[in-house]
Amino acid sequence: GENVEQHPSTLSVQEGDSAVIKCTYSDSASNYFPWYKQELGKRPQLIIDIRSNVGEKKDQRIAVTLNKTAKHFSLHITETQPEDSAVYFCAAEKEYGNKLVFGAGTILRVKS
Amino acid sequence: EAEVAQSPRYKITEKSQAVAFWCDPISGHATLYWYRQILGQGPELLVQFQDESVVDDSQLPKDRFSAERLKGVDSTLKIQPAELGDSAMYLCASSLGTGRQETQYFGPGTRLLVL
């Protein structure tokens, strides 16, 4: 079955710097890769997703890149702000049925 | 903006007791998911409903867990009897359609502590 590994588990950056979180997946049939942000005590919220027919997608300060050959995808946050501090989860869809397999999460701390 | 609702938000129980969690998905969403999130890990799918039918419960410990979505709207997840290892966050999510690559919207979760 699908397995998703996420690195690093914790990441501390200075405000204004960039942050990069990387995920690898095992199922070559996966075609959908969402990223969720979970602030302390709050629900996970979708921040960006990418489908396998594109290699990169941007939304303001957030971008995601996908390398299907290598089976990895990454989240890039530029000009980080304190409100970016949260846990970020990557996920990959199994080959059928809209089932997501999640990575273990990355705790991002943005220091001001 | 419509959101997934869950209750209770917190539940403390003793082992061997029964607990139940409730989820109300976004109106019109056909697919409903229950996830378990252990501290420090990502959510893990327990059961997936399409309308009132279970489409995947392969990771649901059926000796003690049950889930239903009788009218294809809200859903209940039950644990009986609860064990210490069941302490976790239980998240409900919903998606509009039944196909692939549908965005899943999460509720705030129910944090369960079993003593």
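Residues numbered from 1 in each chain as written. Chains lettered and ligands numbered in written order. Predicted model: local features only at pLDDT ≥ 70, side-chain atom pairs only at ≥ 80, totals over all residues. Heavy atoms only, no water.

K.L.:
Mind laying out the environment of Asn31(A), listing which residues take part and the relevant values?
P.N.:
Relative to the helices and strands, Asn31(A) resides in the loop between β3 (19-25) and β4 (32-38). Spatially, the C-alpha atoms of Asn31(A) and Tyr96(A) are 9.9 Å apart, while their sequence positions differ by 65 residues. When near neighbours in sequence (up to four residues on either side) are disregarded, Asn31(A) contacts Ile50(A), Arg51(A), Ser52(A), Lys68(A), Glu93(A), Arg100(B) and Gln101(B). From its side chain, Asn31(A) meets the backbone oxygen of Ala29(A) in a polar contact 3.2 Å long. Polar side-chain contacts of Asn31(A) include one of 2.7 Å to the side chain of Ser52(A). (Helix = DSSP H or I, 4+ residues; strand = E, 2+ residues; numbered from the N terminus. Contact = heavy atoms within 4.5 Å. Polar contact = N/O pair within 3.5 Å; in protein donor to acceptor, adjacent residues only side chain to side chain.)

K.L.:
I'd like a description of the state of the cysteines, backed by residues and values.
P.N.:
Per the stated rule, a full pass over the model turns up two disulfides over all chains. In this model, Cys23(A) is linked to Cys90(A) through a disulfide, with the two sulfur atoms separated by 1.9 Å. Looking along the S-S bond of the Cys23(A)-Cys90(A) disulfide, the torsion reads about -100°, which is the left-handed sense. Pair noted here: Cys23(A) is in strand β3 and Cys90(A) is in strand β9 (residues 86-93), with a separation of 67 residues, a long-range link. For the pair Cys23(A) and Cys90(A), a shared accessibility class is recorded, and that class is buried. The disulfide bridge from Cys23(B) ends at Cys92(B), spanning 1.9 Å between sulfur atoms. With the S-S dihedral at roughly -70°, the linkage between Cys23(B) and Cys92(B) falls on the left-handed side. (Disulfide = S-S within 2.5 Å. Buried < 20%, exposed > 50% of the residue type's maximum accessible area, 1.4 Å probe, protein only.)

K.L.:
How would you sum up the interface of chain B and chain A? Please name residues and give values.
P.N.:
Of the residues lining the interface, 24 residues belong to chain B; the matching set on chain A comes to 22 residues. At the boundary of chain B with chain A, total buried surface from both sides reaches about 1900 Å², with 42% on carbon and sulfur atoms. Among the residues of chain B in contact with chain A, Arg100(B), Gln101(B) and Phe106(B) are the three that bury the most area, contributing 35% of the side total. The interface formed by chain B and chain A holds three salt bridges in total. A salt bridge links Glu3(B) to Arg43(A), with the nearest nitrogen and oxygen atoms 3.3 Å apart. Here chain B is connected to chain A by 13 residue pairs in polar contact (both at pLDDT 80 or more). By residue class, the composition of the side of chain B that touches chain A is eight nonpolar, eleven polar and five charged. (Buried area = accessible area lost by both parts, 1.4 Å probe. Salt bridge = Lys/Arg side-chain N within 4 Å of Asp/Glu carboxyl O. Nonpolar A, V, L, I, M, F, W, Y, C, P; charged D, E, K, R; others polar.)

K.L.:
Describe the environment of Gly40(B), with residues and values.
P.N.:
In this fold, Gly40(B) is placed in the loop between β4 (31-37) and β5 (44-50). Gly40(B) sits 26 residues away from Glu14(B) along the chain, and the two C-alpha atoms are 23 Å apart.

K.L.:
Describe in detail the sheet that holds strand β7 (residues 62-67) of chain A, supporting the description with residues and values.
P.N.:
All names here are of chain A. Taken together, five strands build an open sheet; the order of strands is β1-β3-β8-β7-β6 and the sheet is antiparallel. The outermost strands of the open sheet, each flanked by one partner alone, are β1 (4-7) and β6 (56-59). When the angles between neighbouring strand axes are averaged without regard to direction, this sheet yields 15°. The sheet contact formed by β6 and β7 spans four bridges and is antiparallel. The partner of Glu56 across the bridge, within β7, is Thr65. (Pairing = 2+ DSSP bridges. Axes fitted to C-alpha atoms, helices over the stretch in contact; angles between N-to-C directions.)

Any functional reading would require information beyond the geometric quantities listed.
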